[in-house]
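Analysis of the macromolecular model
Spelled out, the chains give:
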Amino acid sequence: LGVAEAKWQAATDGHRDRLGGLVDTAQKSVESAQKIVDAATTAYQNALSAAAPPHGEMQSDAIGNLVFSVQRIEARLGAIEQRLEVVAPVDPWELLSSSSTKTQKEKLREQLIAKYAGEHTSIQCIVSGTLDNAERPDQQRVVAAHLWPKSRAQEFHAWKSGHTDTICQGIDDAGNGLFMLKGIEEAYDAKRVCFLCDPFKCEICFKVLDPSLIGADDNGNHPIPAGCTTSYFKLDSTTVGSPYIENNKRPSFQILSFHAKLSVQSALQRGWITQQQSYEMQSTIKVSSPSKKE
């Protein structure tokens, strides 16, 4: 475990998975040690009933020291596991019950309008370009979508404590949001679509992962997001431009890349994409992977 903890301190992003394996191995060692302690305790108790002190007292001290050592190992293991959880939190989009409430969306909407309003007169979907001039909230086709779910704020703060992200300062910050059509937001939350970020070109590419969204029916028609006239088939691989990537007015590439990584992994497990497609997308995601705090 001392070796594991030392490697943790010097670990880079590519070493996290191997550290997870090291923790698993350490956990098994602890379990084996605990079994030895239990067996020794049982043997001692059996011997104690047939023997008199001072032998019992000496063996009791030895077992007590062994128990104390195992407890120290368990404590160090727990500390290492907690550090791993900060870097790799539970999937915040897994089993997501519902999107943010109207009140929560309104707060984010105000932040997004303040950030992007100077670039265009109307609110528009980042993917389709669909305009939304609705005056009443119940008429809005384009919603303020949280990139990291509002309902997973606790996981967000744990993730934020281990990463440096100057674009997004909070769960309701404009860096954690984008204007999307409601249907696209729901597909994003379900990890059926994602955004691939290229920090060098400063581009965001919309990628459809679920083949049922881009496949044609018997009449040759492709699914279309509600409120949109363009199909997912045509929107797939769309590159997002201004005003979302100019003058540092962009969403958090780190959050989008974390979501993309989990979405691609999920798509591969579901059989939506091939291993080669997964490799190609993961290579893009790796380029824009989050920076860790020193």
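Predicted model only: the values in this text are computed from it and were never measured.

Before going further, it helps to spend a moment on the overall build of the protein chain. Scanning the protein chain from N- to C-terminus turns up 9 helices and 9 strands. Buried residues in the protein chain amount to 40% of all 294 residues. Contacts in the protein chain between residues far apart in sequence, at least 24 positions, make up 71% of those at least 6 positions apart. Accessible area for the protein chain stands at about 16000 Å²; split by element, carbon and sulfur atoms hold 51% of it.

Our focus in this paragraph is helix H8 (residues 253–269). An α-helix turns once every 3.6 residues. As a result, residues three or four positions apart point the same way. Taking 1.5 Å per residue, 17 residues should reach 24 Å; H8 reaches 24 Å between its end C-alpha atoms and fits that length. Among the 17 residues in H8, 13 count as buried, and that is most of the element. One or two positions beyond H8, positive phi appears at Gly271, with a value near 80 degrees.

Next up on the list: the confidence of the model for the protein chain. As a note on interpretation, predicted positions should not be read in detail where pLDDT is low. Mean pLDDT over the protein chain: 75, with 58% of residues reaching 70 or higher. Across the protein chain, the element-wise mean pLDDT spans from 48 in strand S9 (residues 291–292) up to 96 in helix H7 (residues 232–235). Scored below 50 in pLDDT, residues 4–9 makes 14 contacts in the model with residues more than four places away or belonging to other chains. Of the regions scoring below 50 in pLDDT, residues 11–16 engages in 8 contacts with residues more than four places distant in sequence or in other chains.

We now examine the packing of aromatic side chains. Given two aromatic rings, their pairing is described by the distance between the two centres and the angle made by the two planes. According to the stated counting rule, one finds 10 aromatic pairs in the structure shown. When the ring of Trp159 is compared with that of Phe258, the centres are 6.5 Å apart and the planes differ by 20 degrees; the resulting orientation is stacked. With a gap of 99 residues between them, Trp159 in helix H5 (residues 153–161) and Phe258 in helix H8 connect regions that are remote in the sequence. On the accessibility criterion, Trp159 (1% relative accessible area) is buried. Through a chain of ring-to-ring contacts, the aromatic side chains of Trp93, Trp148, Phe156, Trp159, Tyr188, Phe195, Phe206 and Phe258 assemble into a single cluster. Looking at Arg250, its charged tip hangs above the ring of Phe253, at a distance of 4.1 Å from the centre.

Core analysis: the largest hydrophobic core is formed by 41 residues, its most contacted members being Val127, Trp148, Met180, Ile184, Tyr188, Phe195 and Phe206. Leu196, Ala267, Ile273 and Ile285 belong to the second largest nonpolar core, which has 9 residues in total.

Okay, the side chain of Asp91 next. By secondary structure assignment, the location of Asp91 is in the loop between helix H3 (55–87) and helix H4 (102–116). In this structure the side chain of Asp91 is engaged in a polar contact, spanning 2.9 Å, whose partner is the backbone nitrogen of Trp93. Here Lys191 takes part through its side chain, which lies 2.4 Å from a polar atom of the side chain of Asp91. If sequence neighbours within four positions are ignored, Asp91 has contacts with Lys191 and Leu262.

In terms of burial, strand S6 (residues 193–198) is a largely internal element, 5 of the 6 residues being buried. With 6 bridges joining them, S6 and strand S7 (residues 203–208) adopt antiparallel strand pairing. Bridging from a neighbouring strand, Asp198 pairs with Glu203 of S7.

Turning next to the pattern of salt bridges. In total, this model carries 7 salt bridges according to the counting rule given. In this structure, Lys191 engages Glu94 in a salt bridge whose closest nitrogen and oxygen atoms are separated by 3.1 Å. Taken as a pair, Lys191 in the loop between helix H6 (182–189) and S6 and Glu94 in the loop between H3 and H4 lie far apart in primary sequence, 97 residues in all. Overall, Lys191 belongs to the buried group, its relative accessible area being 3%. Asp172 serves as the salt-bridge partner of Lys107, at 3.8 Å between the closest nitrogen and oxygen. Residue Lys107 is located in helix H4, and its partner Asp172 is located in the loop between strand S4 (163–164) and strand S5 (177–181); the two are separated by 65 residues in the primary sequence. Each of Asp91, Glu94 and Lys191 takes part in salt bridges that share partners, so that together they form one network.

Let's shift gears to the environment of Cys197. Note on placement: Cys197 falls in strand S6. Residues Cys197 and Ile285 lie 88 residues apart in sequence; the distance between their C-alpha atoms is 6.8 Å.

The rules behind these values
- Per chain, the residues get numbers from 1 upward, laid out in the order the sequence is written.
- For a predicted model such as this one, the threshold for reporting local features is a pLDDT of at least 70, and the threshold for listing and counting side-chain atom pairs is 80 or more; totals across whole chains, interfaces and linings nevertheless cover every residue.
- Excluding hydrogens and water, the side-chain figures rest on all heavy atoms present in the structure.
- Here a helix means four or more residues in a row that DSSP labels H or I, a strand means two or more in a row labelled E, and each is numbered from the N terminus.
- Burial status follows relative accessibility: with a 1.4 Å probe on protein chains alone, a residue under 20% of its type maximum counts as buried, one over 50% as exposed, and anything between as partly exposed.
- Contact between two residues is taken to exist if any of their heavy atoms lie within 4.5 Å; hydrogens are not considered.
- A 1.4 Å probe and the Shrake-Rupley method give the accessible areas. Residues count as covered only by the protein chains that appear here.
- Helix span, as expected, comes to 1.5 Å for every residue beyond the first.
- Confidence of the predictor at the level of single residues is captured by pLDDT, which takes values from 0 to 100.
- The criterion for an aromatic pair is that two Phe, Tyr or Trp rings (for Trp, the six-membered ring) have centres within 6.5 Å, with stacked assigned to planes under 30 degrees apart, edge-to-face to planes over 60 apart and tilted to the rest.
- Here, over-ring charges are defined by two tests on the NZ atom of lysine or the CZ atom of arginine: distance to the ring centre within 6 Å, and angle to the ring normal within 35 degrees.
- In plain words, nonpolar cores are sets of buried Ala, Val, Leu, Ile, Met, Phe, Trp, Tyr and Cys residues tied together by side-chain atoms within 4.5 Å.
- Whenever two N or O atoms come within 3.5 Å, that pair is a polar contact, provided that in protein one can donate a hydrogen and the other can accept it, and provided that, for residues adjacent in sequence, both atoms are side-chain atoms.
- At least two DSSP bridges between two strands are required for those strands to pair.
- Any Lys or Arg side-chain nitrogen located within 4 Å of an Asp or Glu carboxyl oxygen qualifies as a salt bridge.

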